[in-house]
Amino acid sequence: MRCLPPAHRPLADALALGPALLARARSAPAAPWLAASLVDGPAVVLGAAQRAGRVVDLSACAARGAPVFRRSTTGTAAFLGGRGVVWTLALPHVAALAPDATARTLLNRNVRGFLRGFTRAGAPAHYFGREWISLQRRPAALLGVDAAEDGAVLIEVLAGHDAPLAIPAELAAPEERAVDRWLGKAPAALSEVLPARSSPEALARAVVEEIALHAGLPLSDGGGAPELAAERLQPITAPDDPAPPGAGPAVLARVPIGWIEAAALGGAPARAWLGGDVLTARWLLDALGRGADPASLDTGAAPLEGAGLSDLRALAQRALFADGALDR
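Residues numbered from 1 in each chain as written. Predicted model: local features only at pLDDT ≥ 70, side-chain atom pairs only at ≥ 80, totals over all residues. Heavy atoms only, no water.

1. A short note on the nonpolar core
If you look at the biggest cluster of nonpolar residues, it comprises 74 residues, and the most contacted ones within it are W87, F114, F118, I133 and L135. The leading source of residues in this core is helix α8 (residues 200–215), at 7 residues. In this structure W87 touches A35, A36, F114, F118, I155, E156, V157, A159, L203, A204, V207 and V208, once residues within four positions along its chain are discounted. Counting 16 residues, the second largest nonpolar core, distinct from the first, contains L11, F69, L80 and L165. (Core = buried A, V, L, I, M, F, W, Y, C linked by side-chain atoms within 4.5 Å. Buried < 20%, exposed > 50% of the residue type's maximum accessible area, 1.4 Å probe, protein only. Helix = DSSP H or I, 4+ residues; strand = E, 2+ residues; numbered from the N terminus. Contact = heavy atoms within 4.5 Å.)

2. Focus on the pairing of strand β8 (residues 132–135)
Of the two faces of β8, the one holding W132 and S134 and the one holding I133 and L135 are both buried throughout. By the bridge criterion, 3 bridges tie strand β7 (residues 125–127) to β8 in an arrangement that is antiparallel. Across the sheet, Y127 pairs through a bridge with I133, a residue of β8. Hairpin remark: β7 followed by β8, antiparallel, with 4 residues in the connecting loop; positive phi at G129, about 110°. Across 4 bridges, β8 lies against strand β9 (residues 138–147) in antiparallel orientation. By the bridge assignment for β9, L135 is matched with R138. (Pairing = 2+ DSSP bridges.)

3. Quick look at the side chain of T76
Among the structural elements, T76 can be located in the loop between β4 (68–70) and β5 (78–80). Here T76 falls in the buried class, since its relative accessible area comes to 1%. The residues contacting T76, other than those within four sequence positions of it, are V45, G47, Q50, R71, E131, L142, R181, I257 and D277.

4. Some remarks on the layout of surface pockets
Approximately 240 Å³ is the volume found for the second largest pocket. Every residue lining the second largest pocket is counted, 15 residues in all, and those nearest its centre are R130, E131, W132, R181 and L183. Taken together, the residues that form the lining of the second largest pocket break down as 7 nonpolar, 2 polar and 6 charged. (1 Å grid on protein atoms, 1.4 Å probe; cavity = no way out; pocket = protein on both sides within 12 Å on 5 of 7 lines; lining within 4 Å. Points joined across faces, edges and corners; volume = space filled by probe spheres on them. Nonpolar A, V, L, I, M, F, W, Y, C, P; charged D, E, K, R; others polar.)

5. Section: the packing of aromatic side chains
Ring pairs (aromatic) are described by centroid distance and by the angle formed between their planes. Applying the stated rule across the entire model yields 3 aromatic pairs. Judged by centre distance (6.4 Å) and plane angle (80°), the ring pair of W87 and F114 falls under edge-to-face. One end of the pair, W87, is in strand β6 (residues 83–91); the other, F114, is in helix α5 (residues 112–120), with 27 residues separating them in the sequence. Each member of the pair, W87 as well as F114, carries the same accessibility label: buried. Taking the centre distance of 5.5 Å and the plane angle of 85° together, the rings of W87 and F118 count as edge-to-face. With a gap of 31 residues between them, W87 in strand β6 and F118 in helix α5 connect regions that are remote in the sequence. (Phe/Tyr/Trp six-rings, centres within 6.5 Å; stacked < 30°, edge-to-face > 60°.)

6. Focus on α5
Listing the buried residues of α5 in full gives G113, F114, L115, G117 and F118. Just downstream of α5 lies G122, where phi reads positive at about 110°.

7. A look at the environment of L21
Of note, L21 is situated in helix α1 (residues 11–26). L21 has contacts with L4, W33, L34, A35, T88, A90 and P226, leaving out every residue within four places of it along the chain.

Below is the structure:
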């Protein structure tokens, strides 16, 4: 397993490692890549497909001095109120670390090394499904995922050391405040659940080492940091981002993970932007927004947590009907 040793990085650079390491994992010779980044907030980190204005009040974030960034993995948003850690795991295929892993069990299988690392650092860890890891029986680390059509996979894990990951109510949009993301539990900062005098640096190293140990792979130095994509480094300022300019009004639907959302795009043939809190591959959202029949897609190669294919396709159709792009 190739590794970038834990290092302090600007948050934007840590998030840019996602696509950069995924590209390295897919190149010859294909191999898993892992990095741990020590970052500083305050900042909000949106999932790849979350519409900014549905999650946060951008004006309130600006007044707080908390820029809003977008990571390349799908899923829900995290707040980093101070120091934090971002782990980036890129796999050339879904079973690169766990031979029995499939797209549908991707997180369940690949989260195990993280659980061992948190536990070794002094915070007993459990994963009960979907988008967060529990430490000392409290939500404390957030998961994000993306997958390429060729089967390569990207997993990100974010944890806040000085403040819990939950977006403060004063920064959250009404739709975000309406969702109980933590199943009635109070999210925890790492400093609350780790032993006294534990450091983010020690935790970052413990998790990296346990991921490799659990997979039975030696760690090798990945060399210098990869070139980072400049477009990933800019804070989000538009409430409809990442819907393309000119998209119609957004329509929303509640699903187990929170919200999915869609908006009609102009032109012919009729197509929609599709996003939300769901954990899945961005290519799958794009294909469903273009009207692809799920039966024609290799959906077995795409992770899908928090919503169903029928939910996503129905919402895309609803957005097109609402915009008049399709007749009922």
